[in-house]
Each structure stands twice: as structure tokens, then as C-alpha cells.
Amino acid sequence: MRTHTAESEGGIMSEKIQVVIADDQELIRGGFKAILSTYPQIDVVGIAKDGLEAVELASAQKPDVVLMDIRMPRMDGIKATRSIAQNPALSGTHVLVLTTFDIDEYVYDALRAGASGFLLKDSDCDEIVRAIEIVNRGDALIEPSVMSRLVKSFAHSAGEGVRTEAHGVSQEIVDSLTDREQEILILVASGLSNEQIADRLFISPATVKTHLSRIMGKTDSHDRAQLVIFAYENGMVTVGEKASL
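Caption draft 1: Quick peek at the pairing of strand E4 (residues 42–48). Extensive coverage of E4 is indicated by the burial of six of its seven residues. As judged from the six bridges shared by strand E3 (residues 17–22) and E4, these two strands associate in the parallel manner. Opposite Ile21, over in E4, you have Ile47 as the bridge partner. With respect to chirality, the unit in which E3 leads through helix H1 (residues 26–36) into the neighbouring parallel E4 is right-handed.

Caption draft 2: Geometry of the packing of helix H10 (residues 205–219) against helix H11 (residues 224–233). Packing of H10 against H11 brings their axes to within 10 Å, and their N-to-C directions diverge by 65°. Considering the relative orientation of H10 and H11, their crossing is left-handed. Residues Leu212, Ile215, Met216 and Thr219 of H10 pack against Arg224, Leu227 and Phe230 of H11. For the contact of H10 with H11, the per-class residue count stands at five nonpolar, one polar and one charged.

Caption draft 3: How the structure looks around the nonpolar core. Val66, Met68, Ile84, Val95, Val97 and Leu111 are the most contacted members of the largest nonpolar core, which has 29 residues in total. Taken together, the elements giving at least two residues each to this core come down to E3, E4, helix H2 (51–61), strand E5 (65–69), helix H3 (77–85), strand E6 (94–99), helix H4 (105–113) and H11. Here this core gets five residues from one element, more than from any other, and that element is H4. Residue contacts for Val97: discarding those within four places in its chain leaves Met68, Ile70, Ala110, Ala115, Gly117, Phe118 and Leu119. Residues Ala189, Leu201, Ala231 and Val237 belong to the second largest nonpolar core, which totals 22 residues.

Caption draft 4: Inspection of H11 at higher detail. For H11, the tally of buried residues reaches 10 of 10 residues, placing the bulk of the element in the interior. Sitting at the amino-terminal end of H11 is Asp223, which places a side-chain oxygen 3.1 Å from the backbone nitrogen of Ala225. Remark: Gly235 follows H11 within two positions and exhibits a positive phi of approximately 70°.

Caption draft 5: Here's a closer look at the sheet that holds strand E7 (residues 117–120). Taken together, five strands build an open sheet; the order of strands is E4-E3-E5-E6-E7 and the sheet is parallel. Two strands close off the open sheet at either side, each with one partner strand: E4 and E7. Strand-to-strand twist of the sheet, defined as the mean angle between neighbouring strand axes without regard to direction, takes the value 25°. In the sheet, E6 pairs with E7 via four bridges, with the strands oriented parallel.

Caption draft 6: Structural context of the confidence of the model for the protein chain. Looking at the protein chain as a whole, the pLDDT averages 83, with 80% of positions reaching at least 70. Confidence over residues 1–5 falls short of pLDDT 50; this stretch has 21 contacts with residues more than four positions distant or in other chains. Predicted confidence for residues 158–166 stays below pLDDT 50, and this span has 12 contacts to residues more than four positions away or in other chains.

Caption draft 7: Looking closely at unusual backbone geometry. Positioned with a positive phi, Arg74 is a non-glycine residue whose angle comes to about 65°. Within the element layout of this structure, Arg74 appears in the loop between E5 and H3. Although it is not a glycine, Phe202 adopts a positive phi angle of roughly 60°. Summarising the element assignment, Phe202 is placed in the loop between helix H9 (194–201) and H10. For Phe202, a relative accessible area of 76% translates into the label exposed.

Cut-off values and rules
- Residues numbered from 1 in each chain as written.
- Predicted model: local features only at pLDDT ≥ 70, side-chain atom pairs only at ≥ 80, totals over all residues.
- Heavy atoms only, no water.
- Buried < 20%, exposed > 50% of the residue type's maximum accessible area, 1.4 Å probe, protein only.
- Helix = DSSP H or I, 4+ residues; strand = E, 2+ residues; numbered from the N terminus.
- Pairing = 2+ DSSP bridges.
- Right-handed = clockwise from strand over helix to strand, strands pointing away.
- Axes fitted to C-alpha atoms, helices over the stretch in contact; angles between N-to-C directions.
- Left-handed = near helix turned anticlockwise from the far one by under 90°.
- Contact = heavy atoms within 4.5 Å.
- Nonpolar A, V, L, I, M, F, W, Y, C, P; charged D, E, K, R; others polar.
- Core = buried A, V, L, I, M, F, W, Y, C linked by side-chain atoms within 4.5 Å.
- Polar contact = N/O pair within 3.5 Å; in protein donor to acceptor, adjacent residues only side chain to side chain.
- pLDDT = per-residue confidence, 0-100.

Here's what the structure looks like:
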């Protein structure tokens, strides 16, 4: 549902970003709602006290972004995120995970489940809105350095890490990617934007978008965050690798 508009600078009308907030603590729910309601580009369309309510509200409202706590009763944020990400009717809804610590095993699990990124609960007002705007555009709110730390801490904690899970299937998917698609996927996982990738490969941003759409289809990825996870888990980008390489 994207019918609400807000007047931007210059008097031009623009669509508001519709947001659902899910957290089991009333004080946090109320705090986020109060903060976001002061921004003209944000429209809080629902509040949920657990993951089950979050899924139900997402299905009913089809918001642009769901701010999702992880540890909640009835249904936790990871299961709720997976339910939203796997629902074709909610392909335009992105999940932004709320967490207390940036290195948290649950954060990694949430990203694997389909979250577009994560936000620290003590972030300031402008950071919260900026995060919502980023994931609403379909971009991943994951800094390469943070992704590397998450993978190092959790994906590699069990021997070869999560790559051991259905590795044969994953390798088939990797092999199905063309050389150009693999090149672009590696650059995405290394932290480059579409424009930076276009400059690096001497192609247009529109061509990059076309390749990304095909890569997402082949890897069954919900958005850029899922592509980053896929690339790390399948050894296409190594821990500590930087975008400048």
C-alpha cells in the first residue's frame, strides 16, 4: 500500500514510506512510533507486539518496511522475517532488524532469513530514518566490514561454516551464474553500489540492474542482503576482503 504522500522541498509530492514496527517492549514500540511520526516522509501504519502480529500486519498492510525485533514471544523475529521474505505477495516489503548489539548470532540468522539489514536500537533519529530509506530502495544496510565480522564469528564457527548445508545445491547455483554475473555478485558482496560497479566494469547502471535481477532469480535472493549472504557462504568473497581490492 503506497498511496500516502508527503510534500517535499519545492512543493513536489512524494510517496511516504509505510512502516510497521514489531517489538515486544511497549516502551520501544512507542518510542519508535513517536520518533518516526515526526518525519513527513514516514507513515507508521501498524504496531505489533510479537512476530505473529508482525506477519499478519505485513500481509494486511503490505508496508514498505518492517522494523523487526528478534526476540519476541509466540513467533520470534527470525521466523517472522522468513515468513515475510518467502511470501510472493510481500515482495515489496523489506525487513530491517532491530538489535542491541551489532555482533549477534541472531542478526546473522535474520539476514539469512531474508532481512535487508539491521539497526541498533540506540541509533539516533536521523540514522533510523536513513536506514529505513536505504532498505526501502532495495539496498542492503550491511557494511562490508560488519558482514565480515558476522561471517567470521558465526558462519565459520562450525568447521567450514554454513556452506556445509546443501553445499552441492549451492555449488550448482554458483556454476549456473555466467562469468559476468559472478563478477557482479562479488562486487556487490564487497560493498560496491550499482554506479560503482558500472564504473568498474565500464557498463551502464541499467545493465548492472539487469544482471542483478537475473542473479537474484538464480540464487532465489530477496534483495542485495541475500546476495551478500550467498556470496560469503559460498566462498565467493573471503572474510576481510575489501571493496577497494
